[in-house]
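Structure assessment
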Amino acid sequence: MDNIVLCGFMGCGKSTVGKNIARKTGKIFVDMDSYIEEKADMRVSEIFERYGEDGFRDMEHEACTELSEMKNLIIASGGGAFTYRRNVEIFKGKDTIVLLDVPLEIIKIRLKNDKTRPLLQQPNKDEIMKELYEKRLPLYKNAADIVVSGKNTPLKTAFAVIDAVNITKK
Ligand code: S3P
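Residues numbered from 1 in each chain as written. Predicted model: local features only at pLDDT ≥ 70, side-chain atom pairs only at ≥ 80, totals over all residues. Heavy atoms only, no water.

Peptide bonds are trans in most cases, and residues, glycine excluded, mostly fall at negative phi. Here Asp 41, not a glycine, exhibits a phi torsion of approximately 55°, which is positive. Looking at the element boundaries, Asp 41 is found in the loop between α2 (32-40) and α3 (44-68). Assessed through its relative accessible area of 69%, Asp 41 is described here as exposed. The phi dihedral of Asn 72 is positive, around 70°, even though this residue is not glycine. Relative to the assigned elements, Asn 72 resides in the loop between α3 and β3 (73-76). (Helix = DSSP H or I, 4+ residues; strand = E, 2+ residues; numbered from the N terminus. Buried < 20%, exposed > 50% of the residue type's maximum accessible area, 1.4 Å probe, protein only.)

In this structure the tally under the stated criterion is 14 salt bridges. Among the ionic pairs, Lys 92 bridges to Asp 145, the shortest N-O distance being 3.1 Å. Linking Lys 92 in the loop between α4 (85-91) and β4 (96-101) with Asp 145 in the loop between α6 (125-143) and β5 (146-149), this pair joins segments that are 53 residues apart in sequence. Relative accessible area serves as the criterion here: at 35%, Lys 92 is assigned to the partly exposed category. Residues joined in a network through salt bridges with shared partners are Asp 2, Lys 94 and Asp 95. (Salt bridge = Lys/Arg side-chain N within 4 Å of Asp/Glu carboxyl O.)

Moving on to the pairing of β3. Judged by which residues are buried, β3 turns out to be covered on both faces: Leu 73 and Ile 75 on one side and Ile 74 and Ala 76 on the other are all buried. With three bridges connecting them, strand β1 (residues 4-7) and β3 associate as parallel partners. In the sheet register, Val 5 faces β3, and the bridge partner there is Ile 75. Taken together, the four bridges between strand β2 (residues 28-31) and β3 define a ladder with parallel strand orientation. Bridge pairing in β3 links Asp 31 to Ala 76. (Pairing = 2+ DSSP bridges.)

Turning next to the pairing of β5. Burial along β5 is one-sided: Ile 146 and Val 148 are buried, and none of Val 147 and Ser 149, which face the opposite way, are. As judged from the four bridges shared by β4 and β5, these two strands associate in the parallel manner. Across the sheet, Leu 99 pairs through a bridge with Val 147, a residue of β5.

All right, on to the site of the ligand then. The local shell around the ligand holds 13 residues, among which Lys 14, Asp 33, Arg 57, Arg 117 and Arg 136 are the closest. Within the side chain of Arg 57, a nitrogen or oxygen atom sits 2.6 Å from an oxygen atom of the ligand. A distance of 2.7 Å separates an oxygen atom of the ligand from a polar atom in the side chain of Arg 117. Within the complex, 94% of the 380 Å² of free accessible area of the ligand lies under protein. Of all the elements, α3 adds the most residues to the shell around the ligand, at three residues. In terms of residue class, the shell around the ligand is built from five nonpolar, three polar and five charged. (Near = heavy atom within 4 Å. Polar contact = N/O pair within 3.5 Å; in protein donor to acceptor, adjacent residues only side chain to side chain. Areas by Shrake-Rupley, 256 points an atom, 1.4 Å probe, with all protein chains shown as cover. Nonpolar A, V, L, I, M, F, W, Y, C, P; charged D, E, K, R; others polar.)

So, about the environment of Val 161. Inspection of the secondary structure puts Val 161 in helix α7 (residues 154-169). Separated by 75 residues in sequence, Val 161 and Arg 86 have C-alpha atoms that sit 25 Å apart. Residues within four places of Val 161 in sequence aside, it is in contact with Ile 4, Leu 6, Val 17, Ile 21, Val 98, Leu 100 and Val 148. (Contact = heavy atoms within 4.5 Å.)

What follows is the structure in structure tokens.
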């Protein structure tokens with residue numbers, strides 16, 4: 001298995017946990033959203049404004065293709081990436097896909113004051129989160145090779161991921 005790819009809902013800790021895993025394993029951390037932003041020279045919010053969600057999803061798909069061709073990475077995917085079959089197919093069987101599982105109530109608290117996620121900048125944010133969460137959780141579970149709880153601190157979760165990946169590899 002080449003890379004470890006973290007998936008899960010917005011706010012589940014993919015980036016912070018990913019950075020901790022990279023620090024502890026000596027692998028290289030890549031945040032998929034930052035990768036897309038650098039390539040497009042635009043923030044994710046601007047990409048959504050200019051090209052719509054479909055435009056962003058195409059860039060995300062391209063990022064999945066490119067990152068999967070690299071080695072030794074800890075990848076924090078975007079929360080929508082693994083809800084698309086075409087992206088799951090890129091990583092499945094090649095890299096280890098890890099779902100960071102966090103209950104909706106904790107996600108809601110973590111994202112209470114978020115201003116960066118375009119999908120959540122709506123007055124009925126709680127409803128949207130619930131709807132998206134319920135729709136996506138089965139897709140994440142289906143995509144993942146391993147499910148790890150993301151309720152703990154990022155460092156504890158990072159160690160839990162490292163352990164789980166090692167056990168699966170043996
Ligand atoms: C999205 C999640 C975001 C980002 C974009 C869309 C989603 O990433 O890719 O705003 O559809 O859930 P994070 O999961 O890192 O917030």
